[in-house]
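Coordinate inspection notes
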Amino acid sequence: MNKRRWVAFVPSFINIFFERQMKETALERLLRYVKIDTQSDPHSETVPTTKKQFNLANMLVDELKDLGIKDVELDDKCYLYATLPSNLPEGETAPKIGYIAHLDTSPDTTGKDVKPQIIENYQGGDIVLPGDTSIVIKDDKIENPRLKDCIGHTLLTTDGTTLLGGDDKAGIAVIMTIVDYYLSNPDVKHGPIGIAFTPDEEVGRGADHFDVEKFACEYAYTVDGEMPGEINKETFSANGGTITASGRDIHPGFAKDRMINSMRAMADIMALMPKDMAPETTDGRDPYIHPHKFDGTVAESKLELLFRDFDTDGLDKQKKIIEDIIAKVQPNYPTTKIEFEIKEYYRNMADKLAENPKGLDYLFEAATEAGANPYWNPIRGGTDGARLTFMGLPCPNIYGGGQNFHAKTEWLSVDAMNMSVETLKNLTRIWMEKK
Ligand SMILES: [Zn+2]
């Protein structure tokens, strides 16, 4: 029997209880999830990098089962997979699509004892955080350009002593809410939906142990973005590089003609790097070369570099720039040995997604229908979705409603998060209709 009709026959206090159970909002879920510390750790060698990510994963297993999902599995690496089966009439099919969010929060800022603050009917202006009044979410165009779009919204912040963790617990709350929605409204038809919650995204390892075969989706979406309607199908292509200069150390008292100070050559190399191709001088689609770590002694100096370009061929040009600089500096230091090594990191998922663009078109349509005014924004970084795309699961990214990720000034619009819920409902329906 239809559950809702059945509920109408039971006494009203139970009815209220049922309604509340079945209609928990994304906000109510999010408030519960952010209180669980799930910070990941880049220095850990274990999988997951921190055991505490299981605390949230286990809670989600229970909640999915309580909602009525039978097919739920949490593996020993803290990857949670679940399937909401299709409720289409027999004989009708739709492709299985997936929604993915990550369990962990950034190592940059603590996520322990998060005390969320709700601001109802925001009317503009700076937001001073009560636990540390030196931390202010400024209502200005450079720091928080999207605050002006949130007049009248319900906002969520921290008390200023932690991050919020809306990245990416808003994504989890949005996905759990649509599962609840479909199970509470069996009349709404949908195809099969895969759900995955993954650990260690913030330390770049979220895709490492993802079982694409088990997930068995034709197309998936990470719900790990910021404000509506930013949607993402492009990431940088990325390499890493190391320049090593080797010299010879000797007591400075009798160093004449014998000491070879490796740092001198490295300083010249660094000085020649293009300053108009640096992260601090570029944005939008501009590429950069970023020297980000230096270790130096007389005997040996190491400089680590990041290479980033949306155009993968551009990475070869960046390599050539560094090779030319080294070729210029080397003759001035004939006894210093200079070596340069490149490592491949990740590639722009746009090239791969272009092979299968319909899931992008459907997303754009779903976001338009939700009133989000969608636009494609290139991500100046990488995502787990980019790696999953190259592992065979096309995976663009959708907004979850937050801003200022990884910081104590992180904030989220509950209205924007709800728009993400609507977008996922539309998207699921469009996949069912258009296949
Ligand atoms: Zn995230």
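As a reminder, the structure under discussion sits directly above these lines.
Quick notes on the rules
- Residues numbered from 1 in each chain as written.
- Predicted model: local features only at pLDDT ≥ 70, side-chain atom pairs only at ≥ 80, totals over all residues.
- Heavy atoms only, no water.
- Core = buried A, V, L, I, M, F, W, Y, C linked by side-chain atoms within 4.5 Å.
- Buried < 20%, exposed > 50% of the residue type's maximum accessible area, 1.4 Å probe, protein only.
- Contact = heavy atoms within 4.5 Å.
- Donors = N, O, S within 2.8 Å, 3.2 Å for Na, K, Ca; no water.
- Tetrahedral: all angles 85-135°; square planar, octahedral: opposite > 155°, others 65-115°.
- Helix = DSSP H or I, 4+ residues; strand = E, 2+ residues; numbered from the N terminus.
- 1 Å grid on protein atoms, 1.4 Å probe; cavity = no way out; pocket = protein on both sides within 12 Å on 5 of 7 lines; lining within 4 Å.
- Points joined across faces, edges and corners; volume = space filled by probe spheres on them.
- Nonpolar A, V, L, I, M, F, W, Y, C, P; charged D, E, K, R; others polar.
- Phe/Tyr/Trp six-rings, centres within 6.5 Å; stacked < 30°, edge-to-face > 60°.
- Lys NZ or Arg CZ within 6 Å of the ring centre and 35° of its normal.

**Structural notes on the nonpolar core**
Among the nonpolar cores identified, the biggest contains 62 residues, and Leu-60, Tyr-99, Ile-172, Phe-197, Met-417 and Leu-427 are the most heavily contacted of them. Filtering out sequence-adjacent residues up to four positions away, Met-417 remains in contact with Ala-26, Leu-27, Leu-30, Ala-170, Ala-173, Val-174, Gly-400, Gly-401 and Leu-412. Grouped together as the second largest cluster of nonpolar side chains are 18 residues, Ile-243, Ile-325, Ile-326 and Tyr-333 included.

**Section: the coordination of the zinc ion**
Protein coordination at the zinc ion comes from His-102 (NE2), Asp-167 (OD), Asp-224 (OD) and Asp-224 (OD), with a distance range of 1.9 to 2.7 Å. Each of the 4 donor atoms bound to the zinc ion contributes to angles spanning 53 to 147 degrees, and the resulting shape is irregular. In primary-sequence terms, the residues that donate to the zinc ion follow H-x64-D-x56-D. Residue Asp-167 is located in helix H5 (residues 166-184), and its partner Asp-224 is located in strand E9 (residues 219-225); the two are separated by 57 residues in the primary sequence.

**Remarks on the layout of surface pockets**
Once rolled over the atoms, a probe with the size of a water molecule shows which space is left empty. Empty space within the largest pocket amounts to approximately 1500 Å³. As for the largest pocket, its lining consists of 46 residues, and the residues nearest its centre are Ile-379, Arg-380, Gly-381, Gly-382 and His-406. Those elements giving two or more residues to the lining of the largest pocket turn out to be strand E3 (97-102), H5, E9, strand E13 (300-309), strand E14 (337-346) and helix H11 (384-390). When residues of the lining of the largest pocket are assigned to their parent elements, the largest contribution, 4 residues, is made by H11. Partitioned by chemical class, the residues of the lining of the largest pocket number 15 nonpolar, 17 polar and 14 charged.

**Digging into the packing of aromatic side chains**
Counted under the stated rule, the structure contains 13 aromatic pairs. On the basis of an interplanar angle of 45 degrees and a centroid distance of 5.5 Å, the ring pair of Tyr-219 and Trp-431 is categorised as tilted. Here Tyr-219 is found in strand E9, whereas its partner Trp-431 is found in helix H12 (residues 414-434), with 212 residues between them in sequence. Each member of the pair, Tyr-219 together with Trp-431, is buried. These aromatic residues form a ring-pair network of at least three members: Tyr-99, Tyr-219, Tyr-221, Tyr-362 and Trp-431. For the cation-ring pair, Lys-96 lies above Phe-215, with the distance from its terminal atom to the ring centre recorded as 5.9 Å.

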